[in-house]
Amino acid sequence: MKTYSLISEMVKAVQKEHKAGRSIGFVPTMGALHDGHLSLVEESRKANDITVCSIFVNPIQFNKKKDLEKYPHNLNEDLRLLQSAGCDYVFIPEDKEIYPEGTTGLEINFGTLDKVLEGKFRPSHFKGVAIIVKKLFEIIAPDNAYFGKKDYQQLLVIRNLVSVLQLPVKIHACPTFREPDGLAMSSRNLQLTIGEREIASLIYQTLCKVKEKAGHLPVKELRQWAIKKINSNPAFSVEYFEIVDKNDLHILESWKEKENALACTAVFLGDVRLIDNMELFS
Ligand code: AMP
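What comes next is a walk through the structure. As the structure is a computational prediction, the values presented were derived from the model and not from experiment.

### Section: the overall build of the protein chain
- Counting secondary structure elements, the protein chain contains 11 helices and 9 strands.
- Radius of gyration (C-alpha) of the protein chain: 19 Å, near the 19 Å computed for a compact globule of 282 residues.
- Projected onto its principal axes, the C-alpha coordinates of the protein chain cover approximately 55 × 40 × 35 Å.
- Looking at the protein chain as a whole, 51% of its 282 residues are labelled buried.
- A total accessible area of about 13,700 Å² is found for the protein chain, and carbon and sulfur atoms account for 51% of it.
- Taking the average place of the 37 positive charges on the side chains of the protein chain and the average place of its 37 negative ones, the gap between the two points comes to 2 Å.

Structure, rendered in structure tokens:
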């Protein structure tokens, strides 16, 4: 496994692979890797000759400085995991390599896609995501790129980016990996205290109950029920819980379009903000 921190070197390496006719799969990450990330690497390895992973904590997608400062880093362990997962190249640029003159702009109209759910509570987050993903795609020039459904809205934003800019890369959506108690794997789980970690599966349990109740209670009532259920434990505070259409994230008013129903939530457990989602009829 080779690691590069300079764009020029990374570009040279992938160009060589392309010239040799090898397909490239790409997994962008922010590090502090877990089995969810490694499942994306595995998907990439199955379908491509070469797998490239990037580790870059993208400062411009954090709208709170403290959140960025607290974000976990574990580079040596990440490299060990990627090596044993069979990754071929790791791109680990520094901030100044990616943003030498500060942030570059990108004006893409995502419609409502980047303004609801996460977008409502993290303004400019998806713009930051779109800027880095576009840059990374330009550097790595992958044939295929792998993203987790755990960040469902991000997946839709990236699909939109690729479609609007007609980027020559195929986007693959991968299932959410969970801990044995159901908590969605996330780098942020490392920030939970032992006590918080013990109760964190309430989010998953509530999503499962919502799936059971879907179609039996009116949508609005079910949403209220879920918020109350999570907030009933004072360690939790729901930022949003919405039942939306998984194609364009519009809020469902009834179960008429229920095949596409997706429950999405962001919850503070202490200081840690966790997100999760679940398809309700699949
Ligand atoms: P991150 O490092 O959080 O930016 O995530 C990098 C990629 O891993 C994104 O495509 C995420 O959606 C994906 N990912 C994060 N957590 C999980 C998980 N629990 N299961 C599957 N994919 C995940």
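There's plenty left to go through after this.
### Considering the environment of Asn 76
- You can see Asn 76 is positioned in helix α4 (residues 75-85).
- Taking relative accessible area as the criterion, Asn 76 reaches 68% and is therefore assigned exposed.
- Residues Asn 76 and Ala 32, 44 residues apart in the sequence, show an inter-C-alpha distance of 9.7 Å.

### Topic: empty space enclosed by the protein
- Enumeration over the complete set of coordinates arrives at 2 cavities of 30 Å³ or more.
- Empty space within the largest cavity amounts to approximately 880 Å³.
- Lining the largest cavity are 48 residues, with Met 30, His 37, Lys 150, Asp 151 and Gln 154 sitting closest to its centre.
- Listed by contribution, the elements that provide at least two residues to the lining of the largest cavity are β2 (24-29), α2 (35-47), α7 (125-140), β5 (144-148), α8 (152-164), β8 (261-269) and β9 (272-279).
- Per-element tally for the lining of the largest cavity: the top contributor is α7, with 6 residues.
- Put simply, the second largest cavity is a space of about 50 Å³.
- Lys 150, Leu 183, Ala 184, Ser 186, Asn 189, Ile 203, Leu 274, Ile 275 and Asp 276 together form the lining of the second largest cavity.
- Among the elements that line the lining of the second largest cavity, the one with the most residues is β9, at 3 residues.

### Quick look at the packing of aromatic side chains
- Inspection of every chain in the model, using the stated rule, returns 7 aromatic pairs.
- Taken together, a centroid distance of 6.2 Å and an interplanar angle of 50° make the contact between Phe 56 and Tyr 99 tilted. Of the two residues, Phe 56 sits in the loop between β3 (50-55) and α3 (65-70) while Tyr 99 sits in the loop between α5 (95-98) and α6 (118-121), which places them 43 residues apart along the sequence. For the residue pair Phe 56 and Tyr 99, the accessibility class agrees, reading buried in each case.
- Judged by centre distance (5.6 Å) and plane angle (20°), the rings of Phe 121 and Tyr 240 are stacked. One end of the pair, Phe 121, is in helix α6; the other, Tyr 240, is in strand β7 (residues 236-245), with 119 residues separating them in the sequence.
- We classify Tyr 240 as buried; its relative accessible area is 7%.
- Three or more aromatic residues link up through ring pairs in this structure, and these residues are Phe 26, Phe 137 and Phe 147.
- Lying over the aromatic face of Trp 225, Lys 213 brings its terminal NZ or CZ to 4.7 Å of the ring centre.

### With respect to the packing of α2 against α4
- Contact geometry of α2 with α4 gives a least axis separation of 10 Å together with a crossing angle of 30°. The orientation of α2 relative to α4 falls into the category roughly parallel. Viewed along their axes, α2 and α4 form a crossing whose handedness is right-handed. Residues Leu 38, Val 41 and Arg 45 of α2 form the contact with α4, whose participating residues are Leu 81, Leu 82 and Ala 85.
- Class assignment for the residues of the contact of α2 with α4 results in 5 nonpolar, no polar and 1 charged.

### Quick notes on the sheet that holds β8
- Across the sheet, which stays open at both edges, the 3 strands sit in the order β7-β8-β9 with antiparallel pairing between neighbours. Looking at which strands have only one partner, the edges of the open sheet turn out to be β7 and β9. Neighbouring strand axes in the sheet, compared pairwise and without regard to direction, differ in orientation by 15° on average.
- Relative to β8, β7 runs antiparallel, the two being bridged by 9 bridges. Looking at β8, one finds that Val 244 is bridged to Leu 262.

Reading the values: rules and limits
- Residues numbered from 1 in each chain as written.
- Predicted model: local features only at pLDDT ≥ 70, side-chain atom pairs only at ≥ 80, totals over all residues.
- Heavy atoms only, no water.
- Helix = DSSP H or I, 4+ residues; strand = E, 2+ residues; numbered from the N terminus.
- Rg over C-alpha atoms; globule rule 2.2 N^0.38 Å.
- Buried < 20%, exposed > 50% of the residue type's maximum accessible area, 1.4 Å probe, protein only.
- Areas by Shrake-Rupley, 256 points an atom, 1.4 Å probe, with all protein chains shown as cover.
- Lys, Arg positive; Asp, Glu negative; His and termini not counted.
- Charge placed at Lys NZ, Arg CZ, Asp CG, Glu CD.
- 1 Å grid on protein atoms, 1.4 Å probe; cavity = no way out; pocket = protein on both sides within 12 Å on 5 of 7 lines; lining within 4 Å.
- Points joined across faces, edges and corners; volume = space filled by probe spheres on them.
- Phe/Tyr/Trp six-rings, centres within 6.5 Å; stacked < 30°, edge-to-face > 60°.
- Lys NZ or Arg CZ within 6 Å of the ring centre and 35° of its normal.
- Axes fitted to C-alpha atoms, helices over the stretch in contact; angles between N-to-C directions.
- Parallel < 35°, antiparallel > 145°, perpendicular 65-115°, else oblique.
- Left-handed = near helix turned anticlockwise from the far one by under 90°.
- Contact = heavy atoms within 4.5 Å.
- Nonpolar A, V, L, I, M, F, W, Y, C, P; charged D, E, K, R; others polar.
- Pairing = 2+ DSSP bridges.

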